[in-house]
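Observations on the three-dimensional arrangement
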Amino acid sequence: MNEQIVARHWLAIIAPKAAPAVATSTVLILARIWNANGAQHSIGNAVLMTALSLAAGAAGVCASIGRAGDPVVAGTAFAASGGLALAGVAGYADGVSLPLLLWVLATAVAYGLAARYWRTDRRERVAYERHVSDRREERAHIERVETIRGTTQIEVARTGAAYAEQLAQALVTRAALPGFDPAAVEAVGLPELPTHHRGA
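Below is a summary of the structure that appears in this document.

Attention now goes to the overall build of the chain. A count of helices and strands for the chain gives six helices and zero strands. From first element to last, N terminus to C terminus, the chain shows the α and β order α-α-α-α-α-α. Considering only contacts within the chain whose residues lie at least 6 apart along the sequence, 60% involve residues at least 24 apart. Counting every atom, the chain has about 14,700 Å² of accessible surface; 66% of that belongs to carbon and sulfur.

In structure tokens form, the structure reads like this:
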């Protein structure tokens, strides 16, 4: 069974691993730009970011404990809540040390949550590859057995046909011998010739 080999580009391999760091870094950079443009010590901006963060967190709680309980929606809402909280603190704070500390914590939490999903995805991928490998081996075994069986049947048929042809040739040759007496052949226990050979 021939399979196409697809080599993934190295960027496609590391992109999912870099996504949490890129996301938190983007939030931090945009929040610091917002800080430089007037968000520092702005009570209205702080209240807005707090309200948005709490609303996103509440949406995550509702999505996780609701009757349908969609984990993707809940995870997205909690990630948005954390990102808004990080952006609010980074935009409102005076120095860079507190935003950097929150960025490190947010990145660590994001990688911790992502690692769980990566492990699950890797387990599912390994289980799928094992299943495909088992099926492939089973199909290859069935193909080998059927090939051996078909070859054996062909050889048996070929041998039977060759034997029948040799037997017919021997009967014809024996009947054509001069002074051949079918009664003498039958008397010693050899097989009787067919009637049309007797007439010949």
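This next bit is on a nonpolar patch on the surface. A cluster of nonpolar residues, Val89, Leu98, Leu101 and Leu105, forms a patch on the protein surface that exposes about 330 Å² of accessible area. Among the elements that take part in the nonpolar patch, helix H4 (residues 97–175) stands out by supplying three residues, more than any other.

So, about the nonpolar core. Ranked by size, the top nonpolar core spans five residues in total: Leu28, Ala31, Met49, Ala87 and Ala90. Among the elements of the structure, helix H1 (10–39) and helix H3 (71–92) are those that each provide at least two residues to this core. When residues no more than four places from it in sequence are discounted, the contact partners of alanine 31 are Ala87, Ala90 and Gly91.

Right, let's get into the packing of aromatic side chains. One pass over the structure, following the stated rule, counts one aromatic pair. Aromatic side chains tyrosine 111 and tryptophan 118 sit 6.2 Å apart centroid to centroid with 65 degrees between the ring planes, which places their arrangement in the edge-to-face category. In this structure tryptophan 118 comes out as partly exposed when scored by relative accessible area, which is 23%. Taking the ring centre of tyrosine 117 as reference, the NZ or CZ of arginine 116 above it sits at 5.6 Å.

Within the structure shown, the criterion is met by three salt bridges. One salt bridge in this structure joins arginine 125 and aspartate 121, with 3.7 Å as the shortest N-O distance. On the criterion of helical spacing, the pair formed by arginine 125 and aspartate 121 is a turn pair, its members being four residues apart in helix H4. Overall, arginine 125 belongs to the partly exposed group, its relative accessible area being 41%. Assessed through its relative accessible area of 44%, aspartate 121 is described here as partly exposed. We note a salt bridge from arginine 149 to glutamate 146, for which the minimum N-O separation is 2.8 Å. With arginine 149 and glutamate 146 both in helix H4 and three residues apart, the pair spans about one turn of that helix. For glutamate 146, a relative accessible area of 42% corresponds to the partly exposed category.

The rules behind the values
Residues numbered from 1 in each chain as written. Predicted model: local features only at pLDDT ≥ 70, side-chain atom pairs only at ≥ 80, totals over all residues. Heavy atoms only, no water. Helix = DSSP H or I, 4+ residues; strand = E, 2+ residues; numbered from the N terminus. Contact = heavy atoms within 4.5 Å. Areas by Shrake-Rupley, 256 points an atom, 1.4 Å probe, with all protein chains shown as cover. Patch = residues over 30% accessible without salt bridge, like charges linked within 9 Å, V, L, I, M, F, W, Y side chains within 5 Å. Salt bridge = Lys/Arg side-chain N within 4 Å of Asp/Glu carboxyl O. Core = buried A, V, L, I, M, F, W, Y, C linked by side-chain atoms within 4.5 Å. Buried < 20%, exposed > 50% of the residue type's maximum accessible area, 1.4 Å probe, protein only. Phe/Tyr/Trp six-rings, centres within 6.5 Å; stacked < 30°, edge-to-face > 60°. Lys NZ or Arg CZ within 6 Å of the ring centre and 35° of its normal.

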